[in-house]
Amino acid sequence: MTIPNYDVIVAGSGPAGSTAATLLAQRNHKVLIIERSRHPRFHIGESMLPLSTPVFNRLGIQWDRKRYLHKNGAQFIDEKGGQQVRFCLNGQYQPYQVERACFDHMLVNNAVSHGVELQQEESVRAVDIDTDSVQVTTDLGRYCTRYLIDATGRSTLMGRKQTGIERIENLGRFALYTHYRNASSTTARELYLAGDIKVLMVDIGWIWIIPLIDSRLSIGLVVQQPIDSSQRGAALYEHYKNASPILTELLAGAEQETAVRAEADFSFINTRRHGRRYACCGDAAGFLDPIFSSGVFLAVTSAERVADRMHPALANGTEGDPTLHAADDDHYNLGFRSMQLFVERYYQYDMVHHLFFEADRSEDIKNDIAALLSGDLWRGNNEFQRMLLEGRQNRGPGARRGL
Ligand SMILES: Cc1cc2nc3c(=O)[nH]c(=O)nc-3n(C[C@H](O)[C@H](O)[C@H](O)COP(=O)(O)OP(=O)(O)OC[C@H]3O[C@@H](n4cnc5c(N)ncnc54)[C@H](O)[C@@H]3O)c2cc1C
């Protein structure tokens, strides 16, 4: 038998991997992160939710106001119909709009400062789990650990190995996006002050507008309609950008920084997100269309739960129990399913027109929606969330609310 050199190996150092690694190292476990890229590396996913902040506080993150912009609200806009609504987010925790290269680098440096070892430009290729340990094979060598955390994002290392990936159909199919600098129009300056994310509804999906520091903007088109692969390029993005009066005004005088990028592979759940001597967190456990900016929030909260359950198990030597994380399934599913249903209602029941634009008429419903948009998914007294969850069995809260 090979003697494990590590208590935990974490594959991947996005927000999920760095969170899990830091929380375990804070409790004196010997942790190695293996990351296939080198930080700072580009990543999309820039708008945070307030309820991520308690996790960042536990990590000891110090926010540099010169690098990150305060986020205060979320606006949903139908330009053609002339309707819009703004939701203030949870005021207790300050969220940010972040450039991910910088943000993810900060998180992984923070992990290292807590004692985590980091191997970059090394890719995990194979994982062999036996009763007493886990053998991890990379493109550069082999390691032995007591436990593996899969935080490889949408690469889903263990999900693919265990054939646990189930696609969630009918949400966004792909995204086309880019960044702009020197956005200094009056509307751009107003947006930097407000710090809001704007979501523009369009016939084939939606467009995000995220303000970043230094007069920069992140803009992306998410497409839900089936579109021939030959037409999924930059011209489609340009068409929708040019058709939007808001974007035309906002981008007056701005310079596009990069070519339009594309991402596909949207929305899935990993039905085997834990087992003997391994657990998945973040996108490796499941990924949802980013309309409500839930990705990093689900990444860090799922990583926190995995780390908190593992600490006593490692201390007591019970980490080999294949059911170690089963007690967390209800908690995880409540959060993920609530967000999934929320996103599904956006696409299938035109929820923004039928509910969001009507929300100013009822403070209660507006607060309930704002709570979900803040990531407040486990508080237990959200009537709108309850209806979403019940609707899954009863074929839709839309039956009652016109969704
Ligand atoms: C178009 C789009 C827009 C989005 N917008 C938002 C948003 O506004 N707000 C938000 O919160 N979320 C958003 N997201 C989602 C967000 O990007 C993810 O949910 C988040 O990055 C998940 O973090 P993670 O740590 O699980 O994975 P990742 O951040 O993807 O990190 C995974 C890491 O694992 C590494 N890795 C992969 N395979 C291996 C391997 N075999 N060996 C070693 N390392 C490996 C990768 O290099 C990477 O560094 C968006 C996503 C998309 C696609």
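Because the structure is a prediction, the values reported are computed rather than measured. In this convention, every chain numbers its residues from 1, walking through the sequence in written order. Per-residue local features are limited, in this predicted model, to residues with pLDDT of at least 70; the limit for side-chain atom pairs, both in listing and counting, is 80 or more; totals at the level of whole chains, interfaces and linings are taken over all residues.

(A) Representation of helix 5 (residues 186–194) in the model. A residue is called partly exposed when the number of other C-beta atoms within 10 Å of its own lies between 12 and 20, exposed at 12 or fewer, and buried at 20 or more, with C-beta atoms placed from the backbone. Runs of E in the DSSP output that reach at least two residues are strands. Runs of H or I that reach at least four are helices, and both are numbered from the N terminus. The complete set of buried residues in helix 5 reads Ala188, Leu191 and Tyr192. Around the axis of helix 5, the buried residues are gathered within 100 degrees of arc, so they sit on the same side. In helix 5, the exposed positions that point more than 90 degrees away from the buried face belong to Thr186, Glu190 and Leu193. Gly195 occupies a position one or two residues after helix 5 and carries a positive phi of about 75 degrees. Throughout, the arc means that of the directions going from the helix axis to the C-beta atoms.

(B) Spotlight on the pairing of strand 4 (residues 73–78). DSSP calls a pair of strands paired once it identifies at least 2 bridges connecting them. Examined bridge by bridge, strand 4 and strand 5 (residues 83–88) share six bridges and lie antiparallel to one another. Looking at the pairing, Gly73 lines up with Cys88 of strand 5. Hairpin geometry of strand 4 and strand 5 is characterised by an intervening segment of four residues between the two adjacent antiparallel strands and by a positive phi of about 70 degrees at Gly82.

(C) Quick peek at the site of the ligand. As a structural note, the neighbourhood of the ligand is formed by 35 residues, with Gly14, Gly45, Gly153, Gly282 and Gly295 the closest of them. Counting only elements with at least two residues in the shell around the ligand, the list comes to helix 1 (15–25) and helix 8 (295–316). Counting residues per element, the shell around the ligand draws most heavily on helix 8, at four residues. Ten residue types, Ala, Val, Leu, Ile, Met, Phe, Trp, Tyr, Cys and Pro, are classed as nonpolar, four, Asp, Glu, Lys and Arg, as charged, and the remainder, Gly among them, as polar. Class assignment for the residues of the shell around the ligand results in 14 nonpolar, 16 polar and five charged. Each residue receives a C-beta atom built from its backbone; the residue is near a molecule or strand if that atom lies within 6 Å of it.

(D) Structural view of the domain arrangement of the chain. Under the domain assignment, the chain is made up of domain 1 (6–46 + 99–168 + 266–333) and domain 2 (349–401). Domain segmentation is taken from an automatic or database assignment of domains. For domain 1 versus domain 2, the separation of C-alpha centres amounts to 31 Å.

(E) Structural context of the environment of Phe292. Here Phe292 lies in the loop between strand 21 (286–287) and helix 8. For Phe292, a count of 22 C-beta atoms within 10 Å gives the class buried. Taking the C-alpha atoms as reference points, Phe292 and Gly375, separated by 83 residues in sequence, lie 9.3 Å from one another. By the convention adopted here, residues are in contact when the distance between their C-beta atoms, placed from the backbone, does not exceed 7 Å. If we ignore the near neighbours within four places in the chain, the residues touching Phe292 are Met339, Phe342, Val343 and Leu373.

(F) Examining helix 6 (residues 234–243) more closely. For helix 6, every residue scored as buried is listed here: Tyr237, Tyr240 and Lys241. End-on view of helix 6: buried residues confined to an arc of 105 degrees, all on one side of the axis. Summarising the geometry of helix 6, the exposed residues directed more than 90 degrees from the buried face are Ala235 and Asn242.

(G) Fine view of the packing of helix 1 against helix 8. It is at 8 Å that the axes of helix 1 and helix 8 come closest, and there the two elements cross at 30 degrees. What the angle tells us is that helix 1 and helix 8 run roughly parallel. By crossing handedness, the relation of helix 1 to helix 8 is classed as right-handed. Residues Pro15, Ala16, Thr19, Ala20, Leu23 and Leu24 of helix 1 touch helix 8, and the partners they reach there are Val296, Ala299, Val300, Ser302, Ala303, Glu304, Val306, Ala307, Met310 and His311. Lines fitted to C-alpha atoms define the axes, with helix axes restricted to the stretch in contact, and inter-axis angles between N-to-C directions lie between 0 and 180 degrees. Angle categories are assigned with fixed cut-offs, so that under 35 degrees is roughly parallel, over 145 is roughly antiparallel, 65 to 115 is roughly perpendicular, and the rest are oblique. Crossing handedness is defined as follows: a turn of the near helix away from the far one that is anticlockwise and smaller than a right angle gives a left-handed crossing, while the clockwise case is right-handed.

(H) Quick look at unusual backbone geometry. At the junction of His39 and Pro40, the peptide bond is cis and its omega measures out at -5 degrees in the coordinates. For Pro40, the position within the fold is in the loop between strand 2 (31–34) and helix 2 (53–59). In the Ramachandran plot, Thr156 falls in the positive-phi region, its phi being about 40 degrees despite a non-glycine side chain. Here Thr156 shows up in the loop between strand 10 (142–150) and helix 4 (157–161). For Arg277, which is not a glycine, the phi torsion comes out positive at approximately 60 degrees. Topologically, Arg277 is positioned in the loop between strand 19 (274–275) and strand 20 (278–280).

(I) Spotlight on the confidence of the model for the chain. Within a predicted model, pLDDT stands for the predictor's per-residue confidence, ranging from 0 to 100. On average, the chain scores 94 in pLDDT, and the residues at 70 or more come to 97%. Least confident of the elements in the chain is helix 13 (residues 398–401), whose mean pLDDT is 42; most confident is helix 1, at 99. For the stretch residues 392–403, pLDDT sits under 50, and the model shows 19 contacts to residues farther than four places along the chain or on other chains.

(J) Looking closely at the environment of Val222. Take Val222: it is sitting in strand 15 (residues 216–223). For Val222 and Ala175, which are 47 residues apart along the polypeptide, the C-alpha to C-alpha distance reads 4.3 Å. With residues near it in sequence (within four places) discarded, Val222 still touches Gly172, Ala175, Gly205, Trp206, Asp289 and Ile291.

(K) Expanded view of the pairing of strand 13 (residues 197–202). For strand 13, a buried count of five out of six residues is recorded, marking the element as mostly surrounded by other parts of the structure. By the bridge criterion, four bridges tie strand 4 to strand 13 in an arrangement that is parallel. Across the sheet, the residue bridging to Phe76 is Val199, located in strand 13. Counting the residues in the hairpin turn of strand 13 and strand 14 (residues 205–212) gives two residues.

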